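# Structural features, examined
Each chain is listed here by its residues.
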Amino acid sequence: MTKLLKKIFSRTVITALLIVIQIAWLVALFGELNAALPNIQKVFRVLSVLAILFIIKSEMNPSYKVGWILFISVLPLLGGLMFLIYGNKRPTRHMRRLLNAQLEKSAGYFKERGSVSDEIALSDPAAAGLFKYLEKAGGYPAGRDTKISYYSVGEELYADLIPELEKAEKFIFLEYFIIDMGKMWDGVLEILKRKAAEGVDVRVIYDDMGCVDRLPTNYCSTLRSWGIKTMAFNRFIPAVSLVMNNRDHRKITVIDGKTGFTGGINISDEYINEKERFGHWKDTGLMLKGPGVENLTVMFLEMWNAFNPNGGEYGDFVADSFEEKGGDADGYVLSFSDSPLDDENVGESVYTDMLYQARDYLYITTPYLAIDSELQSALCMAAKRGVDVRMITPGIPDKKMVYQLTRSYYPALLKAGVKIYEYTPGFVHAKSFVCDDKLCVVGTINMDYRSLYLHFECGTLMYNNPAIAKVKADDLATMEKSRRVELSDCRTSFFGEILNSILRAIAPLL
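This text gives an overview of the structure that appears in the document. Because the structure is a prediction, the values reported are computed rather than measured.

### Overview of the environment of Lys-472
- Structurally, Lys-472 can be placed in helix α18 (residues 467-480).
- Through-space distance from the C-alpha of Lys-472 to that of Asp-436 is 9.5 Å; in sequence the pair is 36 residues apart.
- In contact with Lys-472, not counting residues within four places along its chain, are Tyr-361, Tyr-363, Val-434 and Asp-437.

### Points about helix α15 (residues 400-408)
- Of the residues making up α15, those classed as buried are Leu-405, Thr-406 and Ser-408. One side of α15 holds all its buried residues, which, seen down the axis, span an arc of 160°.
- Those residues of α15 hidden inside the fold are in contact with β12 (388-394), α16 (410-416) and α19 (494-506).

### Side note on the side chain of Asp-248
- With respect to the element layout, Asp-248 can be found in the loop between β5 (229-233) and β6 (251-255).
- A polar contact of 3.2 Å, which involves the side chain of Asp-248, links it to the backbone nitrogen of Arg-250.
- Every residue in contact with Asp-248, bar those within four places of it in the chain, is listed here: Glu-175, Tyr-176, Phe-177, Ile-205, Asp-207, Phe-233, Met-303 and Phe-456.

### Here we look at the environment of Ser-115
- Inspection of the secondary structure puts Ser-115 in the loop between α6 (93-111) and α7 (117-121).
- C-alpha of Ser-115 to C-alpha of Lys-132: the two residues are 17 residues apart in sequence and 9.3 Å apart in space.
- Not counting the four nearest positions on each side in its chain, Ser-115 is found in contact with Glu-135 and Ala-142.

### Considering the packing of helix α8 (residues 125-138) against helix α13 (residues 346-357)
- One can describe the packing of α8 onto α13 by two numbers: an axis separation of 11 Å at closest approach and a directional angle of 170°. The angle between α8 and α13 falls in the class roughly antiparallel. Here α8 contributes Ala-126, Ala-127, Leu-130, Tyr-133, Leu-134 and Ala-137 to the contact with α13, which in turn contributes Val-346, Ser-349, Val-350, Asp-353, Met-354 and Gln-357.
- Partitioned by chemical class, the residues of the contact of α8 with α13 number 9 nonpolar, 2 polar and 1 charged.

### Section: the sheet that holds strand β4 (residues 201-207)
- Strand order across the open sheet formed by 7 strands is β2-β9-β7-β6-β3-β4-β5, with mixed pairing between neighbours. In this open sheet, the two strands that pair with only one neighbour each are β2 (147-151) and β5. Going from strand to strand, the sheet's axes swing by 10° on average, the running direction of each strand aside.
- With 5 bridges joining them, β4 and β5 adopt parallel strand pairing. Paired with Arg-203 across the strands is Lys-229, a residue of β5.

### Here we look at the packing of α13 against helix α14 (residues 373-384)
- Relative orientation of the contacting elements α13 and α14 amounts to 20°, with a least axis distance of 9 Å. Comparing their axes, α14 and α13 come out roughly parallel. Both α13 and α14 take part in a crossing whose hand is left-handed. Facing Glu-348, Tyr-351, Thr-352, Leu-355 and Tyr-356 of α13, the residues of α14 in contact are Leu-375, Ala-378, Leu-379 and Ala-382.
- Residue composition of the contact of α13 with α14, by class: 7 nonpolar, 1 polar and 1 charged.

### Side note on the pattern of salt bridges
- Considering all chains together, one arrives at 33 salt bridges under this definition.
- With a shortest N-O distance of 3.0 Å, Glu-166 and Arg-194 are connected by a salt bridge. Linking Glu-166 in helix α9 (residues 154-166) with Arg-194 in helix α10 (residues 183-197), this pair joins segments that are 28 residues apart in sequence.
- On the basis of relative accessibility, which here comes to 33%, the residue Glu-166 falls in the partly exposed class.
- Lys-399 is paired through a salt bridge with Asp-398; the nearest N and O atoms lie 2.9 Å apart.
- Each of Asp-180, Arg-214, Glu-270, Lys-275 and Arg-277 takes part in a single network of salt bridges with overlapping partners.

### What about the packing of aromatic side chains?
- The full count for this structure, using the stated rule, is 20 aromatic pairs.
- Relative to Tyr-140, the ring of Phe-110 lies with its centre 5.7 Å away and its plane at 70°, an arrangement referred to as edge-to-face. Pair noted here: Phe-110 is in helix α6 and Tyr-140 is in the loop between α8 and β1 (143-144), with a separation of 30 residues, a long-range link. Summarising the burial analysis for this pair, Phe-110 and Tyr-140 share the class buried.
- Taken together through their ring pairs, the aromatic side chains of Phe-171, Phe-173, Phe-300, Trp-304 and Phe-317 make up a single cluster.
- Directly above the ring of Trp-226 sits Lys-193, whose terminal nitrogen or CZ lies 4.2 Å from the centroid.

Cut-off values and rules
- Just so you know, the residues in each chain are numbered from 1, in the order the chain's sequence is written.
- Where totals are concerned, whole chains, interfaces and linings use all residues; where local detail is concerned, this predicted model gives features only for residues with pLDDT of at least 70, and gives and counts side-chain atom pairs only at 80 or more.
- Excluding hydrogens and water, the side-chain values take into account all heavy atoms of the structure.
- Helical segments are the DSSP runs of H or I of at least four residues, strand segments are the runs of E of at least two, and each set is numbered from the N terminus.
- Residue contacts are counted whenever heavy atoms from the two residues lie within 4.5 Å of one another.
- Three exposure classes are used, based on accessible area relative to the maximum for each residue type with a 1.4 Å probe and protein chains only: buried under 20%, partly exposed in between, and exposed over 50%.
- Along the arc lie the directions from the helix axis toward the C-beta atoms.
- The definition of a polar contact used here is a pair of N or O atoms within 3.5 Å, where within protein one atom must be able to donate a hydrogen and the other to accept one, and adjacent residues in sequence count solely through side-chain atom pairs.
- Axes here mean lines fitted to C-alpha atoms, for a helix over just the part in contact, with angles spanning 0 to 180 degrees between N-to-C directions.
- Should an angle fall under 35 degrees it is called roughly parallel, over 145 degrees roughly antiparallel, and 65 to 115 degrees roughly perpendicular, with every other angle called oblique.
- Throughout, the ten residues Ala, Val, Leu, Ile, Met, Phe, Trp, Tyr, Cys and Pro are labelled nonpolar, Asp, Glu, Lys and Arg are labelled charged, and all others, Gly among them, are labelled polar.
- Criterion used throughout: strands pair if DSSP finds at least two bridges between them.
- For a crossing to be left-handed, the near helix must be turned anticlockwise from the far one by less than a right angle; the clockwise case is right-handed.
- The term salt bridge refers to a side-chain nitrogen of Lys or Arg lying within 4 Å of a carboxyl oxygen of Asp or Glu.
- Planes of paired rings set the category: under 30 degrees apart is stacked, over 60 is edge-to-face and the rest tilted, where pairs are Phe, Tyr or Trp rings (Trp by its six-membered ring) whose centres lie within 6.5 Å.
- Placement of a positive charge over a ring is assigned whenever Lys NZ or Arg CZ falls within 6 Å of the ring centre and within 35 degrees of the normal to the ring plane.

Below you can see the structure in the form of structure tokens.
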């Protein structure tokens, strides 16, 4: 009974109820206006036509265009007004101003740093082109001499994270979409409290939406009382607002500027299989040691300094020397971020370019699949020209409707020759691309509209690093535990196809 009451009065349920009330109020108000002022119908119809014309001429993603045009066509009286209020997918002007100021500052900082992308061009111009694109579009330079460790499950990463946190002497930065009470967070928090008491600069960023029912509403104050500097990103408010779509989905730990962790693993017990939610939780991550950590350090500080004055200069947190780092055999690395601040879809561009570069194979791991026509065409084209394209998706879904949406893409991909494997032991939360034994991305970027267009994300691109072979071996081992999907498995009823079509149409607006 206590658990039921806790769920009923949870922040999520109360917020959802308030949003439903707001939507009902807006619909009722619209109905009253329509009845009281008959001519208002003409105004709203004209507004809808103007909205459609604006959408057609805009540079927004074609899938967004189709979704909004369909919505306005179905609701011609209300659709134009809804687009006028909620059609902007970018963060607020205030947030953009603060973050863009930091991006300009970090661009000036990196201008003084060297890049090694020209070295890659000597042996592989195509791979070098991808690195140069990221340097230009993302603003972070490529580097080398960085040792990378790959983790095939969250419990392996956690086992190394704890002793690395213990080594901290100057600072610890943590930025996570989800932080949840339990064994994993308890182990991290105990060290953070102790280190903060010793004078180490400990800072934590967590996404307020991601932690909405996982942390108390006043948790920032609790952490600050222990000397831990804390920020809840984009405070979640019970209002009908697309600003709430812009979440900090990144996962970053930086220790003294010498060691960095990133990947798909949040700080919650399901990620280390201490708590079972959807079978075995399959996730992946990286540990970086050496100069390549600099990008992750600056990435965190850009977010922190945008909302916290006197956060310190970027150079103050970059290590002068490294006890552990890589060498010539560790190839090249570039950690990058993607954000909804501009029209440059960095994550999607990286994925698409790797599909066009692939010659032998390309293996993909993703928990969700909701992609536009360009990325779908790149997947199909790679398979059609003979590339061994394989995709690993969950066998046990965390969200049934999203799982249905993911499976709606299967028929077209399978017909083109893409091989799809569903991880039958449980849920896959990993996000990785690996191709031709030379290029690999591991990060936070799902193959869905939220990650590709709405969220703040990060990834790490590797070239000729030993970790790439480990990612490939892990993918092959995961496929052995998975069920290969056949075209015959995708047959569905007439109403099932209708549902798939509706989901595909509204996916960009969700």
